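For reference, the chains in residue letters:
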Amino acid sequence: MTLPKGFGSGGSGGSSSADVERMIGKRVENMTGIITVSYWAALLATFGGTAAGYFYYPWAYPTASGHFAFIVLAIIEAIGYIFCVKVMEEGSNKNSNGIVGGSIAATVAFVLFVSLYVGW
C-alpha cells in the first residue's frame, strides 16, 4: 500500500498499522461506545416518532399500528447495531459481546414495556 508523503518507512513501501492509524485517525475497534450511544439515540427517536401517533394523533394512527411499526423498526435497528459492532471488530481481538448483549436485552425490555403499557 502506498502511503502519502510523511508516512511509512522510507523507500521500502511497506506500511505498518501504526502508520495507517496515524494517517486515518482513531481506530474503529475502539468506537463501540459511540455506536452504542448512537443506537440508543436512534431507538429513542423511533419511540418519539411513534409516540406522536400514540398521544397526539390517536384518531389517525391506531395504537396497534404504532406498536407494530415500533417493533419492526426496533428489530431493524437492533440488527443494524449488531452488524455495525461485529464488522467494526472484525480482525481485531476486541470483544464487546457483553455490551451488545446488554443493549439488545434492554431493547427487548423497553420494546415489551412500550408495547404492553403505552397507548392502550
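Keep in mind the model is a prediction, meaning the values are calculated, not measured.

Calculation criteria
- Residues numbered from 1 in each chain as written.
- Predicted model: local features only at pLDDT ≥ 70, side-chain atom pairs only at ≥ 80, totals over all residues.
- Heavy atoms only, no water.
- UniProt positions renumbered as here; feature names shortened; annotations may be inferred.
- Helix = DSSP H or I, 4+ residues; strand = E, 2+ residues; numbered from the N terminus.
- pLDDT = per-residue confidence, 0-100.
- Axes fitted to C-alpha atoms, helices over the stretch in contact; angles between N-to-C directions.
- Parallel < 35°, antiparallel > 145°, perpendicular 65-115°, else oblique.
- Contact = heavy atoms within 4.5 Å.
- Nonpolar A, V, L, I, M, F, W, Y, C, P; charged D, E, K, R; others polar.
- Phe/Tyr/Trp six-rings, centres within 6.5 Å; stacked < 30°, edge-to-face > 60°.
- Buried < 20%, exposed > 50% of the residue type's maximum accessible area, 1.4 Å probe, protein only.
- Patch = residues over 30% accessible without salt bridge, like charges linked within 9 Å, V, L, I, M, F, W, Y side chains within 5 Å.
- Areas by Shrake-Rupley, 256 points an atom, 1.4 Å probe, with all protein chains shown as cover.
- Salt bridge = Lys/Arg side-chain N within 4 Å of Asp/Glu carboxyl O.

(A) Just the UniProt feature "transmembrane region" (unreviewed entry) in the protein chain, in detail. According to UniProt, the "transmembrane region" (unreviewed entry) feature falls on residues 32-56, 68-87 and 99-118. The distance from the first to the last C-alpha atom of residues 32-56 is 35 Å, and the span holds 100% helix and 0% strand. Between the end C-alpha atoms of residues 99-118 there is a gap of 27 Å, over a span that is 95% helix and 0% strand.

(B) Looking closely at the confidence of the model for the protein chain. The pLDDT averaged across the protein chain works out to 84; a share of 78% of its residues lies at or above 70. The lowest-confidence element of the protein chain is helix α1 (residues 17-24), averaging 64 in pLDDT; the highest-confidence one is helix α4 (residues 97-117), averaging 95.

(C) Broad picture of the packing of helix α3 (residues 63-88) against α4. Following both chains from N to C, one finds α3 and α4 inclined at 175°, their axes separated by 11 Å at the closest point. As far as their axial angle goes, α4 and α3 are roughly antiparallel. Packed against α3, whose contacting residues are His-67, Phe-70, Ile-71, Ala-74, Ala-78, Tyr-81, Ile-82, Val-85 and Lys-86, the element α4 presents Asn-97, Ile-99, Val-100, Ser-103, Ile-104, Phe-110, Val-111, Val-114 and Ser-115 at the interface. By residue class, the composition of the contact of α3 with α4 is 13 nonpolar, four polar and one charged.

(D) Here's a closer look at the packing of aromatic side chains. Here the structure, examined in full by the defined rule, presents nine aromatic pairs. Ring geometry for Tyr-39 against Trp-40: centres 5.8 Å apart, planes inclined by 70°, an arrangement best described as edge-to-face. Look at Trp-40 and you get partly exposed, because its relative accessible area is 22%. With centroids separated by 5.9 Å and ring planes inclined at 70°, the aromatic side chains of Phe-47 and Phe-70 adopt a geometry described as edge-to-face. Pair noted here: Phe-47 is in helix α2 (residues 32-56) and Phe-70 is in helix α3, with a separation of 23 residues, a long-range link.

(E) Spotlight on a nonpolar patch on the surface. A contiguous nonpolar surface patch, about 710 Å² in accessible area, is contributed by Phe-55, Tyr-56, Tyr-57, Trp-59 and Tyr-61. Its place among the elements puts Trp-59 in the loop between α2 and α3. On the basis of relative accessible area, Trp-59 is assigned to the exposed category, the value being 67%.

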